[in-house]
2 protein chains.
Amino acid sequence: MTTLVDVAKKANVSKMTVSRVINHPDKVTDELKQLVYQAMRELDYHPNMIAKALVDKSTRIIKLCILEDIDTTEPYYMNLMLGIAKTLDLHQYSLQLVTRKNFDIGNCDGYVITGMREQDVEWIKKLKKPVIIFGENRYGLDYVDTNNKAGTYLLAQLALKKGYERLIYVGIDSKESFEYSRESGYLQQVQEKRMVPELHRFENHSHLAEQFVYDNWNKITQNTAFICASDRLAIGVERGIVRRGGKIPEGFGVTGFDGVFLNQVASPKITTIKQSIIEMGSACGENLLDKIDSNQSQGSLIFEPKISLGGTLRS
Amino acid sequence: MTTLVDVAKKANVSKMTVSRVINHPDKVTDELKQLVYQAMRELDYHPNMIAKALVDKSTRIIKLCILEDIDTTEPYYMNLMLGIAKTLDLHQYSLQLVTRKNFDIGNCDGYVITGMREQDVEWIKKLKKPVIIFGENRYGLDYVDTNNKAGTYLLAQLALKKGYERLIYVGIDSKESFEYSRESGYLQQVQEKRMVPELHRFENHSHLAEQFVYDNWNKITQNTAFICASDRLAIGVERGIVRRGGKIPEGFGVTGFDGVFLNQVASPKITTIKQSIIEMGSACGENLLDKIDSNQSQGSLIFEPKISLGGTLRS
DNA sequence: CTTAAATATGTTACCGATAACATCAGAGAT
DNA sequence: ATCTCTGATGTTATCGGTAACATATTTAAG
């Protein structure tokens, strides 16, 4: 490995000048800078992050804390990790997966936390190191998420455009922020069109949504679209409609919200919001690293939703 | 953070003595050792891995190189990463995910490579740092894998014990070592029982196996069990039998080999070999770290297969 | 009872970077 | 022409460890 000293010798300067070229280039004359750059190129110099870390007493470790149970069959966290790790590796940081339990074991430079609930806010706010939450929240903590409200708003809008005349919202029975946002996206669309909102909430299990549709079939008129808060619920609704002999998408529409692998084996595939978790994870990592470097909040990062067309809305 | 010097002061010794207590305890008298241990406990001392790494010019990075395309819907690699990362984190190493393309970017202390093919052997053997292959091979490279041969051997044995009289092997059309091993496990069982081996090979897609069963239904006698090289193929066989009206497990048996999430939604579930990828990944990490520390091969690690009973063999 | 060898502990230098301070040269002021 | 002052560059100390060498203390041998 070539070091600062090697470069310094080659460029005929002191190692401090080389260090400055890297960290404070404005404090070095262009002439010397060129010499140093040249030497760095010729020697293929890459700074030793370990030595740097020793000086700034940093750990180069970012902890990823997943506060909900991991369903390893879902690629969700795999993608999130992949995305975060991609950015971190680029900056020679490493990702450490921790649970609430072993959260405090070992030092680190910052945190990514996902699956946060209200009860977690208190201890998270007390953390001394930069934090970024994966998933929206209303407690003033910086986060990365899809624009949930815009997502259901757009899907509801699309459903109306396709001629469905009644919009029923099937939501998740939870107090989490993303659910409020998804509901309000639906509500806004419905209000703008002067329609009557119809909301139902269930735990996020397909069979509950399926049962609901099945049980209330007589009250469900033709030409209704179901705006669901998750793909799981949407798949349930889809099954319920099919079991009652309803036609999708001719008679009934269904939309979901990405987050579940099962959609890949559903038929027809749900029209839903496509979230690129990898990309979001990657951005999440960048945001956190910026926060660490600058020592100040970089704000939240909200991704605009993109509709993924399945076969559950008329085309 | 407390340092060596803090501990040294508290114990009234030089920092070198403290360092020795950690790395060469036999070179320090018991008396001093007790003092030092006491001080370390009182100060909750944890060695700074970064400083250590600077001294031994190590990076504390292990690269995980996945040579096949990642199917992010499969929890396989998620589990592998989780397993490796678990061990590495314990030893304050970090895991860096690389592809063949960016393999050489950045230094590291060792490699875990998976999805290796024959053409990869050459460059892998040239690597200067310790390597461990995830997945068996016959090129003398240390690896971690399930005992593939024992797996099919046991499944074939079980099928015979359950009274199936004919065993058809449905394998993967590939030259990879694990496939040879799975075939030979089947063959050995068949030879021991003086039966006639029947082997067929397909690409690892369920519909190919399904088509095969469907097309050859007239040649498939009642009381046959299919020993398949993968769950994917087993699911295909299962579907083929069902489409032809065959009864599983009464008339026909099917066994797979773990590796596919789809089995979780198959019905009935395939009787297969259960591989704990997390555990194997974890062992893989330990093996590699030992290799790095000792600077010599730790040999391969072969996990004995465990049968996971589904509903595709008579009980 | 010396003296050499073995053992236990301390001192120094170093890993590769950076901050803080020291030095030096040239620009501008008097 | 001399004296600041400023900006560019070099020197030293430091981060937290470890190896190599130096020194002090025992132990064993003759």
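This structure is a prediction, so every number in the text was calculated from the model and none was measured.

Undergrad: Where do I start with the protein's contact with DNA strand D in this structure?
TA: With respect to spatial proximity, 25 residues lie near DNA strand D, and among them Thr-17 and Arg-20 of chain A together with Leu-4, Ser-19 and Asn-23 of chain B are the closest. The contact in question runs from a base nitrogen of DNA strand D to an N or O atom on the side chain of Lys-15 of chain B, over 3.1 Å. Interatomic distance of 3.2 Å between a backbone N/O atom of Asn-48 of chain B and a phosphate oxygen of DNA strand D. The set of elements that each furnish at least two residues to the surface near DNA strand D consists of helix H2 (15-23) and helix H4 (49-55) of chain A together with helix H2 (15-23) and helix H4 (49-55) of chain B.

Undergrad: Looking at this structure, I do not really get unusual backbone geometry. What am I missing?
TA: Glycine aside, residues mostly have negative phi, and peptide bonds are mostly found in the trans state. Note the cis peptide between Ile-248 of chain A and Pro-249 of chain A, where omega equals 5°. By secondary structure assignment, the location of Pro-249 of chain A is in the loop between helix H10 (231-243) and strand S9 (252-255). Phi at Arg-60 of chain A is positive, roughly 60°, even though this residue is not glycine. Within the secondary structure, Arg-60 of chain A is located in the loop between H4 and strand S1 (61-66). Positive phi is not limited to glycine here, since Asn-12 of chain B has a value of about 60°. As for its placement among the helices and strands, Asn-12 of chain B is situated in the loop between helix H1 (4-11) and H2. What makes Asn-12 of chain B exposed here is its relative accessible area of 71%.

Undergrad: Any chance you could explain the domain arrangement of chain A here in plain terms?
TA: All names here are of chain A. Assigned domains within chain A: domain 1 (4-47), domain 2 (61-146 + 277-303) and domain 3 (148-275). Between domain 2 and domain 3, the C-alpha centre-to-centre distance is 30 Å. Listed by partner, the interface residues are 12 residues for domain 2 and 12 residues for domain 3. Contact between domain 2 and domain 3 buries roughly 990 Å² in total, counting both sides, with carbon and sulfur atoms accounting for 40%. Counting the surface domain 2 buries against domain 3, the share from its top three residues, Glu-74, Glu-136 and Thr-146, is 45%. For the pair domain 2 and domain 3, the number of links is 1 salt bridge. Here Glu-176 makes a salt bridge to Arg-117, at a shortest N to O gap of 3.5 Å. Counting the contacts that link domain 2 with domain 3 gives 10 residue pairs in polar contact (both at pLDDT 80 or more). Those elements that provide at least two residues to the side of domain 2 that touches domain 3 are strand S5 (143-146) and helix H11 (277-294). In terms of residue class, the side of domain 2 that touches domain 3 is built from 4 nonpolar, 2 polar and 6 charged.

Undergrad: Looking at this structure, how should I read the sheet that holds strand S9 (residues 252-255) of chain B?
TA: Strands belonging to one sheet form pairs held by backbone hydrogen bonds; the direction of such a pair is parallel or antiparallel. All names here are of chain B. Taken in spatial order, the 4 strands make up an open sheet running S7-S6-S8-S9, and their pairing is parallel. Bordering the open sheet on either side are strand S7 (198-202) and S9, each of which pairs with just one other strand. Pairs of neighbouring strands in the sheet enclose a mean axial angle of 20°, with direction left out of account. Relative to S7, strand S6 (residues 166-172) runs parallel, the two being bridged by 5 bridges. Bridged to Ile-168 within S7 is Glu-198.

What counts, and where the lines are drawn
- Residues numbered from 1 in each chain as written.
- Chains lettered and ligands numbered in written order.
- Predicted model: local features only at pLDDT ≥ 70, side-chain atom pairs only at ≥ 80, totals over all residues.
- Heavy atoms only, no water.
- Near = heavy atom within 4 Å.
- Polar contact = N/O pair within 3.5 Å; in protein donor to acceptor, adjacent residues only side chain to side chain.
- Helix = DSSP H or I, 4+ residues; strand = E, 2+ residues; numbered from the N terminus.
- Buried < 20%, exposed > 50% of the residue type's maximum accessible area, 1.4 Å probe, protein only.
- Domains from an automatic or database assignment.
- Contact = heavy atoms within 4.5 Å.
- Buried area = accessible area lost by both parts, 1.4 Å probe.
- Salt bridge = Lys/Arg side-chain N within 4 Å of Asp/Glu carboxyl O.
- Nonpolar A, V, L, I, M, F, W, Y, C, P; charged D, E, K, R; others polar.
- Pairing = 2+ DSSP bridges.
- Axes fitted to C-alpha atoms, helices over the stretch in contact; angles between N-to-C directions.

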